[in-house]
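Below are the chains, spelled out letter by letter.
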Amino acid sequence: MLLWLILAAFAVYLSFRFPYHYQDVKYIVTLLRIRRKVFRYIQSNYTILEHFLETAKRQPHKPLLLFKDETFTYQDADRLSNQAARVLLQSGLVKQGDTVTLFVANEPMFAWLWLALFKLGCSAALLNSNIRSKSLLHCFKCSGAQVLLVAQDLQGAVEEVLPELLEQQVTVFFMGRTRTSAGMHSFTEKMSHASSEPIAPDLRSHMNMESPAVYVYTSGTTGLPKAAVLTHTKLWHMTMILRSCGLTSDDVLYISLPLYHTSGLVGFAGAIELGITVALKNKFSSSQFWDDCRKYNVTVVQYIGEIMRFICNTPKKPNDRSHKVRLAIGNGIRANVWRDFLSRFGNIRILELYGATEGNFVLVNYCGKIGAVGRDNFLYRWRNPFALIKYDVDQGEPLRDSSGLCIQVPKGKPGLLVSAISARTPFLGYARDLQQTEKKKLHDVLKKGDVYFNTGDLMLIDKDGFVYFQDRVGDTFRWKGENVSTNEVSDVITQAECVSEASVYGVEVPDNYAWKASKHRSKCDESNEGRVGMAAIALKDGHTFDSVGVFEHLESFLPNYARPRFIRIQSSLDVTGTFKLVKAKLVQEGFNPSAIMDPLYFLDDKEKKYVPLTMDIVRAVISGNIKI
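Note that the coordinates shown come from a computational prediction; the quantities given were computed from them, not determined experimentally. In every chain, residue numbers begin from 1 and rise along the written sequence. Two thresholds apply to this predicted model, a pLDDT of at least 70 for residue-level local features and 80 or more for giving and counting side-chain atom pairs, whereas whole-chain, interface and lining totals are computed over all residues. With hydrogens and water excluded, all non-hydrogen atoms of the structure serve as input to the side-chain values.

K.L.:
How should I be thinking about the environment of Val25 in this particular structure?
P.N.:
Examined against the element boundaries, Val25 turns out to sit in helix 2 (residues 21–43). Think of it in three bands: with a 1.4 Å probe and only protein chains considered, a residue is buried below 20% of the maximum accessible area for its type, exposed above 50%, and partly exposed in between. Taking relative accessible area as the criterion, Val25 reaches 33% and is therefore assigned partly exposed. A run of H or I in DSSP becomes a helix once it reaches four residues, and a run of E becomes a strand once it reaches two; helices and strands are each numbered from the N terminus.

K.L.:
So what exactly am I meant to see when it comes to helix 22 (residues 615–623) here?
P.N.:
For an α-helix, the turn length of 3.6 residues means that residues three or four places apart are oriented alike. Among the residues making up helix 22, those that are buried are Ile617, Val618, Ala620 and Val621. Looking straight down helix 22, one finds its buried side chains confined to an arc of 165°; they lie on one side. Every residue pair with non-hydrogen atoms within 4.5 Å of one another is taken to be in contact. Those residues of helix 22 hidden inside the fold are in contact with strand 29 (600–604) and strand 30 (609–612). Of the residues flanking the end of helix 22, it is Gly624, one or two places downstream, whose phi is positive at about 95°. Starting at the helix axis, one direction is taken to each C-beta atom, and the arc is that of these directions.

K.L.:
Explanation requested: the packing of helix 2 against helix 9 (residues 232–239) in the structure shown.
P.N.:
Between two packed helices, both the angle of their axes relative to each other and the distance between the axes serve to describe the pair. The contact between helix 2 and helix 9 brings their axes to 10 Å, and the two run at 155°. Accordingly, the angle class assigned to the pair helix 2 and helix 9 is roughly antiparallel. Considering the relative orientation of helix 2 and helix 9, their crossing is right-handed. Along its contact with helix 2, which presents Val38, Tyr41 and Ile42, the element helix 9 presents Thr233, Trp236 and His237. Gly counts as polar in this scheme, as do all residues outside two lists: the nonpolar Ala, Val, Leu, Ile, Met, Phe, Trp, Tyr, Cys and Pro, and the charged Asp, Glu, Lys and Arg. For the contact of helix 2 with helix 9, the per-class residue count stands at four nonpolar, two polar and no charged. Lines fitted to the C-alpha atoms define the axes, with helices restricted to the stretch that makes contact. Angles between their N-to-C directions range from 0 to 180 degrees. Angles are sorted into four bins: roughly parallel if under 35 degrees, roughly antiparallel if over 145, roughly perpendicular if 65 to 115, and oblique for all others. Should the near helix be turned counterclockwise from the far one by less than a right angle, the crossing is left-handed, whereas a clockwise turn marks it as right-handed.

K.L.:
Explain the pattern of salt bridges to me, please; I cannot follow it from the model alone.
P.N.:
Note on pairing: side chains with opposite charge can pair once their charged atoms come close. Salt bridges are defined by distance alone: a side-chain nitrogen of Lys or Arg within 4 Å of a carboxyl oxygen of Asp or Glu. Enumeration according to the criterion identifies 23 salt bridges in this entry. Two residues, Asp457 and Arg472, come together in a salt bridge whose shortest N-O distance is 2.7 Å. Of this pair, Asp457 sits in strand 22 (residues 451–461) while Arg472 sits in strand 23 (residues 466–472), placing them 15 residues apart in sequence. Linked by salt bridges that have partners in common, Glu306, Arg309, Arg334 and Asp491 make up one network.

K.L.:
What is the right way to look at the sheet that holds strand 12 (residues 300–304) in this model?
P.N.:
Sheets are built from strands paired through backbone hydrogen bonds, the pairs being either parallel or antiparallel. With respect to topology, eight strands assemble into an open sheet ordered 2-1-11-10-12-13-14-15, the strand pairing being mixed. The sheet is open, and its two borders are formed by strand 2 (70–73) and strand 15 (363–364), each paired with just one other strand. Note: strand 10 (residues 252–255) against strand 11 (residues 277–280), four bridges, orientation parallel. Counterpart to Ile255 in the pairing with strand 11 is Leu280. In the packing of helix 4 (residues 74–90) onto the sheet, contacts are made with strand 1 (63–67) and strand 2, and the angle to strand 2 comes to roughly 80°. Pairing between strands is defined by DSSP: at least two bridges between them are needed.

K.L.:
Looking at this structure, I do not really get the packing of helix 3 (residues 48–58) against helix 5 (residues 108–119). What am I missing?
P.N.:
Between helix 3 and helix 5, the shortest axis-to-axis distance is 10 Å and the interhelical angle comes to 110°. The pairing of helix 3 with helix 5 is recorded here as roughly perpendicular in orientation. Relative to helix 5, the crossing made by helix 3 is left-handed. Within the contact between the two elements, helix 3 uses Ile48, Leu49, Phe52 and Leu53 and helix 5 uses Leu115, Phe118 and Lys119. Classifying every residue of the contact of helix 3 with helix 5 by side-chain character gives six nonpolar, no polar and one charged.

Treat this as a map of the structure, not an account of what it does.
Listed below in structure tokens is the structure:
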């Protein structure tokens, strides 16, 4: 009896002293079980395709894909992918071991082609369906593929660059039935007449777990996209994310994210691993999101970037809580949107993740701490070493001590997130781009000779061990001797009554260039040192810009140096195909009223409001007559 009392008292002590201990241990145990499973798969050269084939035999009539009003079972997927594989094989232009590029948006054909390529022992390069012209050519070249499969609705984009592709002896398959162009072959017509019998497994006998499975392109927010290499081993590890999040075979997963992106692809692959059903959307629609969830009895949804904000910005409806969704998995949800989402749509568990396509580790906020992207506990860090190190924003590189090693930041302070590269946590880099691969590596970080992956993200770990995203290193800017986090400022701005979206960035003040070229620098040069804050915002439906209210809101929540001096009002903010805000063009255009058609405003400290920006104000700022 005494022993039980002691154990109970100890359990109570642990719950108070370490409130997240149980969740930490539970998550680590789950990860260890998953890793043992993946290790067995690696040892036996068991790929996600082999798992799909076994699942199709075990549950042939269970729906795999729900698309619009069509239903495709696991057996259908097996047969259709066999037909697609035969067309590719019989053409004589695709052979085992080749890399084949898919230029296909979200539709069942994407899945059939991806599985078909696996059956032929080929790897797939997944092109962003939004890219065009030079970017399309650049991405195609990255993987070294010589075959391009094109969806019917993307034919026009390929025709623009078809001469260059044919000049490089690239074979282009067009999957439409009705039209073909010079140099193109009709794919769907041939597929409908091909045999659906199983593909001989010896076609993929050359593959091992370190063979490239997929090439996934980075979003290109900081330059041209790069092709990240995913081996069959890495694909298994990424596929298991859904299992680690608690999905079961009874779930229905809603994927409105692009399948060419890691999140969408991992969702589909994870569904195969669990043997569940996927409701696939051809393109994300905030207005149709909940109607789709109700139509397909969805229990789990995926999100990324600004998607959750778009959903929260839709008009409220009486049936907002009428759904079966129990879990939302993704990354990029802001704390205020997180709260709004739960308040409006009900008790849905949100699992925020952090990771990169090319990265070598993942963080998961399995405790549901609002605003956090993950959790730091010593057991996880032991298996996946990472650190937050001091970063010089001006120089664009980590700070080092006298011995040449990087300096770790204490808890509560932001630092650059880096993760150790080792045999257990490899960094596979980018296809055919050694220079960019090496740029992501940091040497001599915590000890001489070590190598770490540079995530390019500034993070913060609080006293309870929760990890918070602060900013991209390229987005954080310095103003008046202070570092300004665009992510934090955006969070504050979007809490203003009239604002629905905000993108914050730093712009150069023109006088910097003139005064730096002069030997006689004045005080106005020092006051305008760095980049001044600017925000592009979109207003809520039915609202006008409240110049006084926004000023007072920012004055209450932001220090003077962090308040955007300029505001640009747009009808909507540009995002990438993976719903990340695009800032490069905004930064380039700056705050010139004569070149920008959007309404521009200037923060007037004397008037205590934002005033319309005129050329007179711009000239006064540049001359130093108005201090900013």
